Amino acid sequence: MKNSSCRLCKSRDLHKFLELGPQPLAGKFLTSEQLAEKEDYFPLGVFFCKNCALVQVLDVVPKDKLFSQYFYAPHSVLSPHFTGYAKEITAEFGLNGKSLLVEIGSNIGMMLKPLKELCGVKAIGVEPAENIAKMANEMGLETINDFFTEKVAGGIVEKLGKADMVVANNVFAHIDDLDEILRGIKALLKEDGVFIFENHYLLDTVENLQYDDVYHEHLCYYSLHPLIPYLGKYGLRVFDAKRIKTHGGSIRVYCGNSKRKVKPAVQELLKEEKKHGLDKLETYMEFGNKVEKRRKELTKLLHSLKSGGKTIVGYGAPARGNTLLNYCKIGTGILDYIVDDSPLRQNKFTPGTHIPIIPVDRFRKENPDYALLLAYGGYTETILKKEGEFIKNGGKFIVPLPEVKIIGKQ
Ligand SMILES: [Zn+2]
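Criteria and thresholds
- Residues numbered from 1 in each chain as written.
- Predicted model: local features only at pLDDT ≥ 70, side-chain atom pairs only at ≥ 80, totals over all residues.
- Heavy atoms only, no water.
- Donors = N, O, S within 2.8 Å, 3.2 Å for Na, K, Ca; no water.
- Tetrahedral: all angles 85-135°; square planar, octahedral: opposite > 155°, others 65-115°.
- Buried < 20%, exposed > 50% of the residue type's maximum accessible area, 1.4 Å probe, protein only.
- Pairing = 2+ DSSP bridges.
- Helix = DSSP H or I, 4+ residues; strand = E, 2+ residues; numbered from the N terminus.
- Salt bridge = Lys/Arg side-chain N within 4 Å of Asp/Glu carboxyl O.
- Contact = heavy atoms within 4.5 Å.
- Axes fitted to C-alpha atoms, helices over the stretch in contact; angles between N-to-C directions.
- Parallel < 35°, antiparallel > 145°, perpendicular 65-115°, else oblique.
- Left-handed = near helix turned anticlockwise from the far one by under 90°.
- Nonpolar A, V, L, I, M, F, W, Y, C, P; charged D, E, K, R; others polar.
- Phe/Tyr/Trp six-rings, centres within 6.5 Å; stacked < 30°, edge-to-face > 60°.
- Lys NZ or Arg CZ within 6 Å of the ring centre and 35° of its normal.

The next point concerns the coordination of the zinc ion. Bound to the zinc ion on the protein side are Cys6 (SG), Cys9 (SG), Cys49 (SG) and Cys52 (SG), at distances that span 2.3 Å. Metal-centred angles of 102 to 115° between the 4 donor atoms at the zinc ion mark the site as tetrahedral. Among the residues examined, Cys6 registers a relative accessible area of 1% and is labelled buried.

This is how it looks when you write it as structure tokens:
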């Protein structure tokens, strides 16, 4: 299915600046039995709306294909982030044992858990992936296994009343029918309630050339500029926003009713977005050209190392890594294997490129010559620290973006 109008403003003045497809689904890691089956491939073009400046993918994969069994469980690295986030909002908005909080796309409950522990808030998650929702419920974190809709919101209100706060972390970009979600939030939230969401930030995507953040799950790439008028249509005023480090650069946006006083941070970020040309098509045309250039540089490097007899593996198997691997056509001819900490991905194979994913131990034992860093961005420093021994033994990391860079002993 392909949309022909902008998800926010419904304009048809849409311009493609990057084509990364055809691509398989980035989050669909394969079992060894599934390797023999034919995989689904979908186009993956990225468009800019000249009317409202929203950046978006127009090809929509049916959501039951995408999220019914989702392999993304947040890395333990994110645990301090959610604890800090929970502390901040508990203090700022005075959440307590009487408050009701609903999290949309709550995953395994990384945020619900610290919130409950901190202030005893009644916290309910809504999570569409059956396997993930089950894990949360087993840990005692109440989670409704469903897509968040106006109907689900109505069900919660009927049972528990309206919510003091609704949060949505890294899900807002996944939704094709945003109007449905916004109607649901509107129905769920108390008149003076607060809606907070975190999302990958377009300014970071553009500044750091993170084209690998583009995959079918991510339908929209947000900046404040198009969001403010859109949320305004639902009576939600953006009264605060801050940049945060997760996922290689994100934004946290706070919305409330029209009585909320808008903090200076909102204007400051809007100014920054303008300075970087986020409202101009030319910015994205240049982005597309740079992406193509980086692909050529990376594949040239990898091929020359390989033909020189070097061993190369991948480090980290996030979904986003699959966009890069498929776009650059990096398969088992280049990477012997990929190591990853998550048991959900271990012993599986990358979609499209079919590279085996194994636990990190083997990498440490074999000390290959090079490791292509697929989980990078905010994680690079943590990984370099963790794998000091690899570098000490002469191993080198290849960072693919924003510039192709080799890190190791000279
Ligand atoms: Zn638009």
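Another point: the sheet that holds strand β4 (residues 100-104). Strands sit in the order β6-β5-β4-β7-β8-β11-β10 across an open sheet of 7 strands; the sheet is mixed. Whereas interior strands pair on both sides, the edge strands pair on one side only; in this sheet they are β6 (143-144) and β10 (237-244). Of the pairings in the sheet, the one linking strand β8 (residues 189-200) to strand β11 (residues 250-256) comprises 6 bridges and is antiparallel in character. What sits directly across from Ile196, in β11, is Tyr254.

What follows covers the pattern of salt bridges. Side chains that carry opposite charge are capable of pairing whenever their charged atoms lie near each other. Taken as a whole and assessed by the stated rule, the structure comprises 30 salt bridges. A salt bridge links Glu180 to Arg183, with the nearest nitrogen and oxygen atoms 3.5 Å apart. Of this pair, Glu180 and Arg183 both sit in helix α6 (residues 178-188), 3 residues apart, roughly one helical turn. Between Glu292 and Arg295 there is a salt bridge, with its nearest N and O atoms 3.0 Å apart. A residue pair is termed a helical-turn pair when its members lie 3 or 4 positions apart in one helix, as Glu292 and Arg295 do in helix α10 (residues 281-307) at 3 residues.

Further remarks concern the sheet that holds strand β2 (residues 45-49). A sheet is described by the order of its strands in space; here 4 strands give the open sequence β1-β2-β3-β9, paired in antiparallel fashion. Each edge of the open sheet is held by one strand with a lone partner, namely β1 (14-19) and β9 (220-221). Pairing geometry for β1 and β2, over 5 bridges, is antiparallel. Opposite Glu19, over in β2, you have Gly45 as the bridge partner. Contacts from α10 reach β1, β2 and β3 (55-57), with the element oriented near 15° to β1.

Below, the discussion takes up the packing of helix α2 (residues 79-93) against helix α3 (residues 112-119). Contact geometry for α2 and α3: axes closest at 8 Å, N-to-C directions at 45°. Viewed along their axes, α2 and α3 adopt a mutual orientation that is oblique. Of the two elements, α2 crosses α3, and the hand of that crossing is right-handed. In this structure, α2 uses Phe82, Thr83, Ala86, Lys87, Ile89 and Thr90 to contact α3, whose residues at the interface are Pro114, Leu115, Leu118 and Cys119. Taken together, the residues of the contact of α2 with α3 sort by class into 7 nonpolar, 2 polar and 1 charged.

With that out of the way, let us pick up the packing of aromatic side chains. Counted according to the given criterion, the structure contains 17 aromatic pairs. Arranged with centres 5.3 Å apart and planes meeting at 65°, the rings of Tyr211 and Tyr327 form a pair that is edge-to-face. Remark: Tyr327 occurs in helix α11 (residues 319-327) and Tyr211 occurs in the loop between α7 (202-207) and β9; sequence separation between them is 116 residues. Relative to Phe390, the ring of Phe363 has its centre 4.6 Å away and its plane inclined at 45°; by these criteria the two rings are tilted. Linking Phe363 in helix α12 (residues 360-366) with Phe390 in helix α14 (residues 388-392), this pair joins segments that are 27 residues apart in sequence. A relative accessible area of 0% places Phe363 in the buried class. A network of ring pairs unites the aromatic residues Phe17, Phe48, Tyr284 and Phe287 as a single cluster. The ring of Phe239 carries the charged tip of Arg260 above its face, separated from the ring centre by 5.2 Å.

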